[in-house]
Each structure stands twice: as structure tokens, then as C-alpha cells.
Amino acid sequence: SEMSGDATSAERTREWALEVEHGPNWLFVKVNGEDVETSQTPRLADEITSLLEEHFTTRVVLEFEQIEMPHSQLIPQLERLDRWVDDHNGAMRLCGLSADYLLAIRRRGLGDRLRVCADRQEAVFGRYRPGQPR
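Right, let's walk through the structure included here. Fair warning: this is a prediction, and the values are worked out from it, not measured in the lab.

A few points about the pattern of salt bridges
So, step 1. In this structure the tally under the stated criterion is six salt bridges.
So, step 2. Measuring nitrogen to oxygen at the nearest pair gives 3.2 Å for the salt bridge that ties Glu 21 to Arg 120. Of this pair, Glu 21 sits in strand β1 (residues 17-23) while Arg 120 sits in helix α5 (residues 120-125), placing them 99 residues apart in sequence.
So, step 3. Between Arg 80 and Asp 46 there is a salt bridge, with the nearest N and O atoms lying 2.6 Å from each other. Of this pair, Arg 80 sits in helix α3 (residues 71-87) while Asp 46 sits in helix α2 (residues 44-54), and the two are 34 residues apart along the sequence.
So, step 4. Where salt bridges share partners, they join Glu 21, Glu 63 and Arg 120 into one cluster.

Below is the structure:
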């Protein structure tokens, strides 16, 4: 029954649903931001940063699942996170971003900074396709 739902379910839609997996040397974070109410949302960069600190790692693969958030909000978060990772000599890879996010990243001149990969395999092992800038 709908009515008996617990009180926290309303708040829960306002958060990033982050699923964390620990791999050797990498933290894999599945990012689900479908119902994110941006004004109420902890910043993605801060959430991921505290996860990394908690797991004592600076290497992260973000796997975007369903994300409905304006580029203008998501991309600055990715930039902030990238700077943090960079300052800590870590590495950040992005998987699963749709073509329009990728275009927005390139338009903002971040194509060289933000490393986008086809999947986790490529993120970790770096199967570079010939003809692509390293």
C-alpha cells in the first residue's frame, strides 16, 4: 500500500544513489541521479571525495546509469572532482555518459581532462583505440 511508505522515501529521492564497489586499486561508483532534486542535493564531487577518503584511494571509475541532470550542473561537479583527484595524484574515469554529455564536455574544452571510457574494462586497463589521443 502506497500510504504506509516510510517517511524517508521522499528524502531519499533527493540524493545520489551511489553504489560502491572496491576493486584492486580502484573504487567503482555507480551513479544514479535520476530523481535528484539539485537544490537539495549534496554535491556529487563532495560525496565522491568523501567516499575516496573513506576507502583510502584516489582512483575512481564513475559509472553513470540513469542520470537526468543539466550538463551545467553535472560537468562543474566532474571538474571539481577531477581537480581533487589530480591534486592527490589519483585518476578518474567516466563510463556510461550519454553522447550529449560527452558533447557538452568537449564544448567546454574538457575533452582532454575528463577521461571517458566505454566501460569498466577500458577504464582500468586502458584499451586505447588507435587514432585516439592518449
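Once you've had a look at it, read on.
Focus: the nonpolar core
So, step 1. Grouped together as the largest cluster of nonpolar side chains are 28 residues, with contacts concentrated most on Leu 62, Phe 64, Leu 74 and Leu 94.
So, step 2. Those elements that place two or more of their residues in this core are β2 (26-33), α2, β3 (59-67), α3, β4 (91-95) and α4 (99-107).
So, step 3. Considering each element in turn, this core owes the most residues, six residues, to α3.
So, step 4. Not counting the four nearest positions on each side in its chain, Phe 64 is found in contact with Val 31, Leu 44, Leu 74, Leu 78, Leu 94, Cys 95, Gly 96 and Leu 97.
So, step 5. Grouped together as the second largest cluster of nonpolar side chains are seven residues, Val 61, Ala 91, Cys 95 and Cys 117 included.

Observations concerning the pairing of β3
So, step 1. Relative to β3, β2 runs parallel, the two being bridged by six bridges. Bridging across to β3, Lys 30 finds its partner in Glu 63.
So, step 2. Relative to β4, β3 runs parallel, the two being bridged by five bridges. For Leu 62, the partnering residue across the bridge sits in β4 and is Leu 94.
So, step 3. In this region the chain leaves β3, passes through α3 and returns to the parallel neighbour β4; the handedness of that crossover is right-handed.

The rules behind these values
Residues numbered from 1 in each chain as written. Predicted model: local features only at pLDDT ≥ 70, side-chain atom pairs only at ≥ 80, totals over all residues. Heavy atoms only, no water. Salt bridge = Lys/Arg side-chain N within 4 Å of Asp/Glu carboxyl O. Helix = DSSP H or I, 4+ residues; strand = E, 2+ residues; numbered from the N terminus. Core = buried A, V, L, I, M, F, W, Y, C linked by side-chain atoms within 4.5 Å. Buried < 20%, exposed > 50% of the residue type's maximum accessible area, 1.4 Å probe, protein only. Contact = heavy atoms within 4.5 Å. Pairing = 2+ DSSP bridges. Right-handed = clockwise from strand over helix to strand, strands pointing away.

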